[in-house]
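# What the coordinates show
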Amino acid sequence: MPQHAATIESLAMAFALVKAMQADGLEWSEGYRALGRQALAAIIEGRMVEAVDVYLDRLGVADAPDRRNGFYRRSFLTELGDIELHVPRTRRFSPVAVLRAYARRAPEIDRVILAGFVLGLSTRKVGEVLLALLGRPVSAETVSRVAKQLDAAVAAFHRRPLQDAYKVLMLDGVVLARKTGAGALKRPVLVALGIRLDGRKEVIDFRLAPAESAAAWEAFLGDLIRRGLLGARLEMICVDGGAGLLAALPTAFPDIPVQRCWAHKIRNVLDKVKKVDHRTVKRGLHLVMNAIHAPAARHAARRFAERWGERYPKAVACLRDDLDDLLTCFRYKTLEQRKLVRTTNAIERRFREVRRRTRPMGTFQDRTSMDRILFAVFNHENKSQGSATPFLLTHNN
């Protein structure tokens, strides 16, 4: 049966042919990919030249001044790989709308690129990862352009207006390491997590800081307040007990009761106890924490002090000095309600997910990669709670 050759005259015809070949189980070799890229480049460049011609013809009718101004190069990522285009332009006009109209990049490609950046890969390494998917590496220029979409989403997350709709605020600082020319540099990440009125949890924001100082916390909390988190509905604030944060709270939220994190307090008490007594001491602390009401908790604290005061006076003082703030959670009647608000473990759990994803890296490449992975993990957790703000990523940027 004779075969007929068809001339591909449009991008739609080209993609129809690609899909037909895939449906028949035919694989694209690198030779076919190269021819396909050439054909697509010729079609798209032709459409852009036509767009410039139409634009100049319309100006001629209106007698408005403008003229051609050569070409510039631009990479355009398609299912067949990275295509280098010569984009025509005038002094005032560039036909980039043609690229947006013909943008057919597979969503999987964007997800690979964005996932690579989320995991802290360099631009060069992300391009190498795409080799298996596209049959050739992608230019650093194209990968960087896609990365800007993720960076734009991160910036939008940090700038978005906040709703003052939280009943509990949790604040904690967690240390992460990133690479520098002088080795790994450890820096804290300040995190604010809110429990909404309907009980859903939301990472409100985070900030990479030079230290967990009062000034750093005041700047972070001040930004949240300016964006709308005034605390009108806050019933309490659960904190890790860092000196800088405790110093900043009276300025930021002066009238909100403070709940000291029981998880941090138990670790601090056990640090002052011999290991052989850890289990027994911890059981005594749990009797305080899990008491049926506040008077019972204070009674259990007195019994704890009587038993351990002589052997571990520093451990007893560690509990006694912050006991009032440790019992703030007893304003809630049930143990289940108190469990939700008496620790900052919700933040700790999210950071365990950050470390799980980045364990093969050891440390983050730079500050930008830290910001990306934190945003990705926190936004994913917010989505799972139904509390995420949509940040659209589009390859038309």
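Refer to the structure presented above.
Residues numbered from 1 in each chain as written. Predicted model: local features only at pLDDT ≥ 70, side-chain atom pairs only at ≥ 80, totals over all residues. Heavy atoms only, no water.

## Details of the pattern of salt bridges
- Applying the stated rule across the entire model yields 15 salt bridges.
- Here Arg-311 makes a salt bridge to Asp-277, at a shortest N to O gap of 3.2 Å. Linking Arg-311 in the loop between helix H12 (294–308) and helix H13 (313–321) with Asp-277 in the loop between helix H10 (262–270) and helix H11 (278–289), this pair joins segments that are 34 residues apart in sequence.
- In this structure Arg-311 comes out as exposed when scored by relative accessible area, which is 55%. (Salt bridge = Lys/Arg side-chain N within 4 Å of Asp/Glu carboxyl O. Helix = DSSP H or I, 4+ residues; strand = E, 2+ residues; numbered from the N terminus. Buried < 20%, exposed > 50% of the residue type's maximum accessible area, 1.4 Å probe, protein only.)

## Topic: the nonpolar core
- Of all hydrophobic cores here, the largest spans 56 residues; its most connected members are Phe-351 and Leu-374.
- Of all hydrophobic cores here, the second largest spans 24 residues; its members include Ala-216, Trp-217, Leu-234 and Ala-248. (Core = buried A, V, L, I, M, F, W, Y, C linked by side-chain atoms within 4.5 Å.)

## So, H12
- Spanning 15 residues, H12 covers 21 Å between terminal C-alpha atoms, matching the ideal 21 Å at 1.5 Å per step.
- Those residues of H12 that fall on the buried side of the exposure criterion are Ala-297, Ala-300, Ala-301, Phe-304 and Trp-308. Buried residues along H12 cover an arc of 105 degrees about the axis, so they all sit on one side. Opposite the buried face of H12, by more than 90 degrees, sit the exposed residues Pro-295, Arg-303 and Glu-306.
- On its buried side, H12 packs onto H10, H11, H13 and helix H14 (323–326). (Expected span 1.5 Å × (residues − 1). Arc of directions from axis to C-beta. Contact = heavy atoms within 4.5 Å.)

## Section: the packing of H12 against H13
- Where H12 meets H13, the closest approach of the two axes is 9 Å, and the angle between their N-to-C directions is 165 degrees. As judged from the angle between their axes, H12 and H13 are roughly antiparallel. Crossing of H12 against H13: the hand is left-handed. Taken together, the residues of H13 that come into contact with H12 (itself represented by Phe-304, Ala-305 and Trp-308) are Pro-313, Val-316 and Leu-319. (Axes fitted to C-alpha atoms, helices over the stretch in contact; angles between N-to-C directions. Parallel < 35°, antiparallel > 145°, perpendicular 65-115°, else oblique. Left-handed = near helix turned anticlockwise from the far one by under 90°.)

## A look at the packing of aromatic side chains
- What the rule picks out here adds up to seven aromatic pairs.
- Taking 4.4 Å as the distance between ring centres and 15 degrees as the angle between the ring planes, the aromatic pair formed by Tyr-55 and Phe-93 counts as stacked. Separated by 38 residues along the polypeptide, Tyr-55 in helix H2 (residues 30–62) and Phe-93 in the loop between strand S2 (81–90) and helix H3 (96–101) bring together distant segments of the chain.
- Given a relative accessible area of 19%, Tyr-55 falls into the buried group.
- On the accessibility criterion, Phe-93 (24% relative accessible area) is partly exposed.
- Aromatic pair Phe-157 and Phe-206: ring centres 6.0 Å apart, planes at 35 degrees, arrangement tilted. Of this pair, Phe-157 sits in helix H7 (residues 140–159) while Phe-206 sits in strand S5 (residues 201–208), and the two are 49 residues apart along the sequence.
- The class for Phe-206 is buried, based on a relative accessible area of 2%.
- Through a chain of ring-to-ring contacts, the aromatic side chains of Phe-157, Phe-206, Phe-351, Phe-375 and Phe-378 assemble into a single cluster.
- The ring of Phe-157 carries the charged tip of Arg-160 above its face, separated from the ring centre by 4.3 Å. (Phe/Tyr/Trp six-rings, centres within 6.5 Å; stacked < 30°, edge-to-face > 60°. Lys NZ or Arg CZ within 6 Å of the ring centre and 35° of its normal.)

## A look at the environment of Asp-205
- One can find Asp-205 in strand S5.
- Residue classification places Asp-205 among the buried positions, given a relative accessible area of 2%.
- Along the sequence, Asp-205 and Phe-220 sit 15 residues apart, while their C-alpha atoms lie 9.1 Å from each other.
- Once residues lying within four places of it in the same chain are set aside, the contact partners of Asp-205 are Phe-157, His-158, Leu-190, Val-191, Ala-192, Phe-220, Asp-223, Leu-224 and Arg-227.
- A polar contact is formed between the side chain of Asp-205 and the side chain of His-158, at a distance of 2.7 Å.
- Within the structure, the side chain of Asp-205 is placed 2.7 Å from the side chain of Arg-227, a separation counted as a polar contact. (Polar contact = N/O pair within 3.5 Å; in protein donor to acceptor, adjacent residues only side chain to side chain.)

## Section: the environment of Val-281
- For Val-281, the position within the fold is in helix H11.
- The exposure class assigned to Val-281 is buried, which follows from its relative accessible area of 1%.
- In this structure, the C-alpha to C-alpha distance between Val-281 and Ile-266, residues 15 residues apart in sequence, is 9.3 Å.
- Once you skip the residues sitting within four places of it in the chain, Val-281 turns out to touch Val-269, Leu-270, Val-273, Phe-304 and Trp-308.

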